[in-house]
Amino acid sequence: MVKNCVGMLLAGGEGKRLGALTKNLAKPAVPFGGKYRIIDFTLSNCVNSGMQHVGVMTQYSPLELNRHIGNGEAWDLNRMDGAMTVLSPYTERNGGDWYNGTADAIYQNTHFIDEHDPEYVLVISGDHIYQMDYGQLLEQHKRTGADATISVMPVAWEEASRFGILHTLDNGRIYEFAEKPEHPKSNLASMGIYMFTWKVLKSYLQQDANNEYSSHDFGKDIIPAMLGDECHMYAYQFTGYWKDVGTVQSYWEANMDLLDEDLQLSLNNKNRRVYSNESNIPPEYIDETAEVTYSLINSGCWICGKVDSSVLFENVKIGKGSKVCRSILHPGVTVGENVTLERVIVKENTEIPAGTHISISADEEPLVIDQHSLEHIEATLEKDEEELYS
Amino acid sequence: METMMGLINLGHEHHFFHELTYFRNGATIPFAGKYRLIDFPLSNMRNSDVEEIAIFVPNKYRSLMDHLGSGGDWGVGRRHGGLFILPPDWNDPSDISKGDLRFFHNNRDYFERGKSSYVLVSGSQFITNTDYHDAFIAHLQSGADVTLITTNIEELNKEHDSRFRIEADADGWVKDLTNDKQNSKLFTGVYIINKALLLELTDQCIAHHKDHFFVHGIKDNLQDLKVKTFENKGYGAFVDSIESFYRHNLNLLQADNYRALFYKKPFIRTKIGNEPPAKYRQHAQVKKSIVANGCVIEGNVEGSVLFRGVSVTEGATVKDSIIMQRCTIDSGVHLENVILDKDVHVTANQQLIGSKEKPYVIAKNRVL
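Residues numbered from 1 in each chain as written. Chains lettered and ligands numbered in written order. Predicted model: local features only at pLDDT ≥ 70, side-chain atom pairs only at ≥ 80, totals over all residues. Heavy atoms only, no water.

**Regarding the overall build of chain A**
Threshold: Each helix is a run of H or I in the DSSP string that is no shorter than four residues. Each strand is a run of E no shorter than two, and both are numbered from the N terminus. For the radius of gyration, the atoms used are the C-alpha atoms, and the globule rule reads 2.2 Å times the number of residues raised to 0.38. Each residue is placed in one exposure class: buried if its accessible area under a 1.4 Å probe, protein chains only, is under 20% of its type's maximum, exposed if it is over 50%, and partly exposed if it falls in between. Only the protein chains shown count as cover for residues, with accessible areas throughout obtained via the Shrake-Rupley method and a probe of 1.4 Å. The sign given to each residue is positive for Lys and Arg and negative for Asp and Glu; His and the chain ends receive no count. Note that the charge is assigned to NZ on lysines, CZ on arginines, CG on aspartates and CD on glutamates.
Regarding its fold elements, chain A presents nine helices and 31 strands. Computed over its C-alpha atoms, the radius of gyration of chain A comes to 22 Å, within 12% of the 21 Å expected for a compact globule of 390 residues. Taken along its principal axes, the extent of the C-alpha atoms in chain A is 70 × 50 × 50 Å. Every one of the 390 residues in chain A was classed for burial, and the buried ones make up 57%. Accessible surface computed for chain A: about 17,000 Å², of which carbon and sulfur atoms make up 45%. Between the averaged position of the 31 positive side-chain charges in chain A and that of its 57 negative side-chain charges there is a distance of 4 Å.

This is the structure in structure tokens:
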């Protein structure tokens with residue numbers, strides 16, 4: 001049980017690099033893994049770690065996100081002695097503002113945290129795929145008497161410049177931090193999961209709020225400021241599966257990772273469940289003409305064609321003679337007969353007409369398709385044919 | 001606006017389920033991958049805008065209470081009204097009622113406090129996806145005391161033997177309820193009755209030491225009551241034995257039947273679980289089957305119904321079988337015409353083969 005600790009979940013991100021996937025949809029609400037949304041992993045971590053109070057800070061296009069998390073019932077976060085609270089930006093008599101950066105979002109909710117009078121505050125975000133026991137992070141934080149503990153993981157060197165990179169002493173104490181460095185000197189990346197001693201963080205948030213030159217960001221401002229003052233900051237080494245699904249490529253990869261047999265991240269792990277807001281729909285129907293291998297298929301699907309290495313969300317229909325390969329099909333997608341799809345991500349309720357062929361090669365980024373872009377693709381396909389026959 | 005209140009009476013149901021009801025009530029027998037029989041009458045009532053539903057349950061009600069909870073998953077979890085599970089727990093020494101009349105007698109409050117003047121009564125063994133709006137309108141317009149919902153069965157067989165057949169005149173007024181085996185117009189066990197009449201018949205039956213509300217209260221009084229019929233169209237099946245359970249599960253593998261029962265709005269609802277999507281591994285071969293979430297399949301599955309969380313290992317074959325929740329089937333196993341109840345583990349290289357007429361049934365929690 002994680003006591004004396006309030007979880008603050010940053011769920012307002014626009015997720016620009018996810019392109020069409022986050023059109024009118026907050027990044028944490030993007031469908032993931034056949035029936036989940038990205039935020040389910042963090043929320044489930046909170047429940048599985050025994051967090052009692054979680055504040056979810058929403059901002060960008062929150063309709064779908066709010067509808068999804070509802071009152072937190074699906075995660076058991078609607079209990080009398082523990083609860084989830086949605087914290088949206090607001091105005092009051094003397095003004096108010098949108099959340100201007102991650103640190104500002106926490107600062108604007110200082111009163112919410114103070115209500116629970118915690119010793120520690122856990123800052124997490126709703127756009128990473130991983131299963132972590134925050135209790136262990138808190139244990140280490142207490143043991144080292146740290147002001148801040150940052151969860152870290154080694155990443156591939158060529159990706160290191162996408163992350164906040166840490167340098168630590170042998171005992172794990174952080175002595176240097178570089179946010180998205182051009183030439184990283186280490187590959188130890190911050191996972192964006194921070195445990196703070198609330199009293200210390202609060203004073204830094206106040207200082208930061210008064211600094212008009214600050215971008216009010218944990219990575220850019222708060223962490224460097226704390227380091228500058230020689231606060232006790234330690235790295236927490238995480239060894240499990242973790243993926244920042246910030247780009248279409250990494251989103252697609254993380255989905256494909258779920259198909260892996262020996263992955264540390266398992267949806268079937270009974271001791272560490274991933275919860276989601278589940279709908280009441282019938283089990284999938286696999287027709288005589290179907291072939292399904294190496295895939296995740298959710299309830300309500302009706303499969304008559306061939307599906308390989310793919311993730312199908314609820315109520316997806318695949319017509320006879322169609323082949324779906326290395327693709328992700330969001331809820332309600334209908335694929336007509338004799339369609340070929342390879343390395344594509346099809347958005348909710350898109351109808352793909354019979355005979356369509358869309359195949360993206362392995363060296364390109366997977367293509368995100370919705371009804372609108374499909375018309376565009378079709379138009380170019382038809383034009384190609386016209387040119388061919390003219 | 002007139003409304004109906006609901007009653008699911010499990011008091012006098014036919015039970016030929018053997019192993020499947022050792023540990024549970026007949027109404028909670030799992031069906032079609034993730035449902036239980038009770039889900040059908042409950043969803044149909046809710047879809048008929050019935051907002052108060054009582055369930056008379058004579059025994060083994062733990063599984064029923066566990067499954068239904070507060071009724072929220074069916075949309076009947078209300079602060080006022082909603083779902084009432086009414087087990088038999090009464091110790092009135094002066095009570096002389098017998099049979100299911102004890103339920104009516106001891107739960108008079110439910111009917112008296114209810115806001116509706118009409119009651120929709122159902123059992124749990126008629127499987128269909130419908131709403132009773134039209135039947136209710138017809139009931140009100142005809143001025144009938146009771147409206148019996150009927151179904152027309154094209155292919156009559158053994159499971160229908162115990163069902164009442166209806167003889168009605170051209171206008172649909174019921175003349176007789178028989179056991180005439182040639183008559184294909186069957187009573188579904190679902191009927192609409194005026195609440196005042198229900199209470200009156202209850203008193204009358206108890207006074208005459210009767211023990212079966214429908215048989216003694218309605219059937220025996222056909223001459224004095226205005227009883228009408230209303231036909232339920234579309235998919236309908238009676239499930240009251242191992243054989244009919246097996247056959248109707250496998251009938252759903254006919255795409256048209258499955259579509260008619262589950263892909264027609266309003267949907268049948270059930271208790272919400274939290275299982276990941278089914279995982280089909282590298283060597284999985286699945287044909288003509290219904291697969292629920294949480295399954296992990298790397299063997300061969302054909303013509304079968306797999307409930308939630310079933311695991312079929314590589315090299316195992318499951319054919320024309322019904323595998324309930326969380327069963328594990330190890331490699332080299334061959335199952336054909338088999339029903340495995342929940343949590344059965346079939347260890348490597350075994351063969352279990354039943355016949356279409358007599359499927360091989362394994363009770364809950366066994367390791368083979």
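Moving on from the model shown.
**Focus: the sheet that holds strand β15 (residues 285-287) of chain B**
Residue and element names in this part refer to chain B. Formally: Any two strands with at least two DSSP bridges between them are considered paired. Under this scheme, a helix contributes an axis fitted over its contacting stretch, all axes are lines through C-alpha atoms, and angles between N-to-C directions fall in the 0 to 180 degree range.
Spatially, five strands are ordered β15-β18-β21-β24-β27 in an open sheet, and the strand pairing comes out parallel. What marks the edges here is a single partner per strand, and that holds for β15 and β27 (351-353). Across the sheet, the axes of successive neighbouring strands diverge by a mean angle of 5°, strand direction being ignored. Looking at chain direction, β15 and strand β18 (residues 300-302) are connected through three bridges and run parallel. Each bridged residue has a counterpart across the sheet, and for valine 286 the counterpart in β18 is valine 301.

**A word on the pairing of strand β6 (residues 82-87) of chain A**
Residues and elements named next belong to chain A. As judged from the five bridges shared by strand β4 (residues 51-57) and β6, these two strands associate in the parallel manner. When the sheet's bridge partners are listed, valine 56 is paired in β6 with valine 86. Here strand β5 (residues 78-79) pairs with β6 via two bridges, running antiparallel. Among the inter-strand pairings, arginine 79 is bridged to a residue of β6, identified as glycine 82. In this structure, the hairpin formed by β5 and β6 is closed by a connection of two residues.

**Comments concerning the pattern of salt bridges**
Quick note on the threshold: Take a side-chain nitrogen of Lys or Arg and a carboxyl oxygen of Asp or Glu: if they are within 4 Å of each other, that pair is a salt bridge.
All chains considered together, the criterion is met by 28 salt bridges over all chains. Note that lysine 27 of chain A and aspartate 127 of chain A form a salt bridge whose closest N and O atoms lie 3.2 Å from each other. Of this pair, lysine 27 of chain A sits in the loop between β1 (2-10) and β2 (31-32) while aspartate 127 of chain A sits in the loop between β9 (120-125) and β10 (128-130); the two residues are 100 residues apart in sequence, bridging distant segments of the chain. For the salt bridge of aspartate 343 of chain B with arginine 326 of chain B, the shortest nitrogen-to-oxygen distance reads 2.9 Å. You can see aspartate 343 of chain B sitting in the loop between β25 (338-340) and β26 (345-346) and its partner arginine 326 of chain B sitting in the loop between β22 (322-323) and β23 (328-329), a full 17 residues away along the chain. Taking relative accessible area as the criterion, arginine 326 of chain B reaches 35% and is therefore assigned partly exposed. A cluster of three or more residues bridged by salt bridges with shared partners is formed by Arg37, Glu64 and Arg67 of chain A.

**Structural notes on the confidence of the model for chain B**
Definition in use: Confidence per residue, as judged by the predictor, is encoded in pLDDT with a range of 0 to 100.
Scored by pLDDT, chain B has a mean of 92; 100% of the residues are at 70 or more. For this predicted complex, the interface confidence comes out at an ipTM of 0.91, alongside a pTM of 0.91.

**Considerations on helix α1 (residues 39-47) of chain B**
Of all the nine residues making up α1 of chain B, nine are buried; the element is thus mostly covered by neighbouring parts of the structure. Among the residues trailing α1 of chain B, aspartate 49 of chain B stands out with phi positive, at a value near 65°.

**Examining the packing of helix α6 (residues 198-210) of chain A against helix α7 (residues 218-228) of chain A**
Residues and elements named next belong to chain A. Keep this limit in mind: Comment on the angle field: the value is read as roughly parallel under 35 degrees, roughly antiparallel over 145, roughly perpendicular from 65 to 115, and oblique elsewhere. In this scheme, a crossing is called left-handed if the near helix is turned counterclockwise away from the far one by less than a right angle; it is called right-handed if the turn is clockwise. Whether two residues are in contact is decided by their heavy atoms: any pair within 4.5 Å suffices.
At a minimum axis separation of 10 Å, α6 and α7 run at an interaxial angle of 120°. When the interaxial angle is binned, α6 and α7 end up oblique. As α6 packs across α7, the resulting crossing turns out to be right-handed. Contact with α6, carried on its side by Val200, Leu201, Tyr204, Leu205 and Asp208, involves Phe218, Asp221, Ile222, Ala225 and Met226 of α7 and no other residues of that element.

**Thoughts on the pairing of β9 of chain A**
Residues and elements named next belong to chain A. Burial of β9 is extensive: six of the six residues sit out of reach of the surface. The two faces of β9 match: Tyr120, Leu122 and Ile124 on one face and Val121, Val123 and Ser125 on the other face are all buried. Where β1 meets β9, six bridges bridge the pair, whose relative direction is parallel. When the sheet's bridge partners are listed, valine 6 is paired in β9 with valine 121. Where β9 meets strand β14 (residues 188-197), four bridges bridge the pair, whose relative direction is antiparallel. If you follow valine 123 over to β14, its bridge partner there is tyrosine 194.

**Focus: α7 of chain A**
Residues and elements named next belong to chain A. Here is the rule we go by: Whenever two N or O atoms come within 3.5 Å, that pair is a polar contact, provided that in protein one can donate a hydrogen and the other can accept it, and provided that, for residues adjacent in sequence, both atoms are side-chain atoms.
Residues of α7 that are buried include every one of Phe218, Gly219, Asp221, Ile222, Ile223, Met226 and Leu227, and no others. Of the residues flanking the start of α7, the one acting as N-cap is aspartate 217, its side-chain oxygen 3.0 Å from the backbone nitrogen of glycine 219. One or two positions beyond α7, positive phi appears at glutamate 230, with a value near 55°.

**A few points about the sheet that holds strand β21 (residues 306-308) of chain A**
All names here are of chain A. Sheet architecture is open: five strands sit in the order β18-β21-β24-β27-β30, paired in parallel fashion. This sheet does not close on itself; its edge strands, each paired only once, are β18 (291-293) and β30 (357-359). Here the strands of the sheet are splayed against their neighbours by 5° on average, with no regard to which way each runs. Here strand β27 (residues 340-342) pairs with β30 via three bridges, running parallel. Within β30, the position partnered with leucine 341 by the bridge is isoleucine 358.

**Some words on the interface of chain A and chain B**
Going by this rule: Here the quantity called buried area is the accessible surface, traced with a 1.4 Å probe, that two parts lose on coming together, added over both.
Counting from both sides, the interface comprises 39 residues of chain A and, opposite them, 39 residues of chain B. Buried area between chain A and chain B, summed over both chains or domains, comes out near 3,300 Å², and the portion from carbon and sulfur atoms is 46%. On the chain A side of the interface with chain B, the three residues burying the most area are Asn280, Pro283 and Trp302 of chain A, jointly 21% of the side's total. At the junction of chain A with chain B, the criterion picks out 24 residue pairs in polar contact (both at pLDDT 80 or more).

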